Amino acid sequence: MSFGIAGPALILGEVADGLGVSPATATWLVTVFGWGIAVGTPLMSGLVGHRGVRATAALCGLLVLVGSALALVAPSFPSCWPAAPRRRSAPPV
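Here's what I pulled together on the structure shown here. All values derive from a computational prediction rather than experimental measurement.

Next up on the list: the nonpolar core. Of all hydrophobic cores here, the largest spans five residues; its members are Leu12, Ala16, Val21, Ala26 and Val30. Those elements that place two or more of their residues in this core are α2 (12-19) and α3 (23-51). Setting aside its immediate chain neighbours within four residues, Ala16 contacts Val21, Ser22, Pro23 and Ala26.

Packing of α2 against α3 leaves a shortest axis separation of 9 Å and a crossing angle of 110°. Here α2 lies roughly perpendicular to α3, going by the angle between them. Judged by the sense of rotation from one axis to the other, the crossing of α2 with α3 is right-handed. Note on element contacts: α3 touches α2 through Pro23, Ala26, Thr27, Leu29 and Val30, opposite Leu12, Val15, Ala16 and Leu19. When its residues are assigned to classes, the contact of α2 with α3 shows eight nonpolar, one polar and no charged.

As a further point, take the side chain of Thr56. Tracing the backbone shows Thr56 in helix α4 (residues 53-73). Overall, Thr56 belongs to the buried group, its relative accessible area being 7%. At a separation of 3.4 Å, a polar atom in the side chain of Thr56 contacts the main-chain amide nitrogen of Val48. Reaching out from Thr56, the side chain makes a polar contact with the backbone oxygen of Gly52 at a distance of 2.8 Å. Those residues in contact with Thr56 that sit more than four places away from it in its chain are Met44, Leu47 and Val48.

Basis of the calculations
- The residue numbers shown here count from 1 along each chain, following its written sequence.
- It should be noted that, the model being predicted, local features are given only for residues of pLDDT at least 70 and side-chain atom pairs only at 80 or more, the latter also being counted only at that level, while totals for whole chains, interfaces and linings use all residues.
- Side-chain descriptors were evaluated using all non-hydrogen atoms of the structure, hydrogens and water having been removed beforehand.
- The set of buried Ala, Val, Leu, Ile, Met, Phe, Trp, Tyr and Cys residues whose side-chain atoms join them within 4.5 Å is what this entry labels a nonpolar core.
- The rule is simple: take the accessible area with a 1.4 Å probe, protein chains only, and divide by the maximum for that residue type; under 20% is buried, over 50% is exposed, in between is partly exposed.
- A run of H or I in DSSP becomes a helix once it reaches four residues, and a run of E becomes a strand once it reaches two; helices and strands are each numbered from the N terminus.
- The contact definition used throughout considers only heavy atoms, calling two residues in contact when any of these lie within 4.5 Å.
- Axis angles are defined between N-to-C directions and span 0 to 180 degrees, where every axis is a line fitted to C-alpha atoms and, for a helix, only to the segment in contact.
- Roughly parallel means an angle under 35 degrees; roughly antiparallel, over 145; roughly perpendicular, 65 to 115; everything else is oblique.
- Less than a right angle of anticlockwise turn of the near helix away from the far helix marks a crossing as left-handed, whereas a clockwise turn marks it as right-handed.
- Only Asp, Glu, Lys and Arg are considered charged in this grouping, and only Ala, Val, Leu, Ile, Met, Phe, Trp, Tyr, Cys and Pro are considered nonpolar; every other residue, Gly among them, is considered polar.
- By the criterion applied in these results, polar contacts are pairs of N or O atoms within 3.5 Å in which, for protein atoms, one can donate a hydrogen and the other can accept it, and in which residues neighboring in sequence qualify only through two side-chain atoms.

Fair warning: the whole summary comes from geometry, so function is off the table for now.
Here you go:
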């Protein structure tokens, strides 16, 4: 496994603290990142073969822009990923 894929797992505790979620919830970041690489790499190589480098680079830039916009408007991490378990607050005493 390359460090590029394993890198987020090395700082998972700090990422979880920064996002205010549990490490189990923050693990979704690493999982989605890994799946994105596993699925996206063959798709992008096929796209380069069919459409060329310029169109592929434009599509990648558009995907980064859309992802950044979604992250910008999301109020918190769990709302970015609907399947992520939400923290339950303690009942009032």
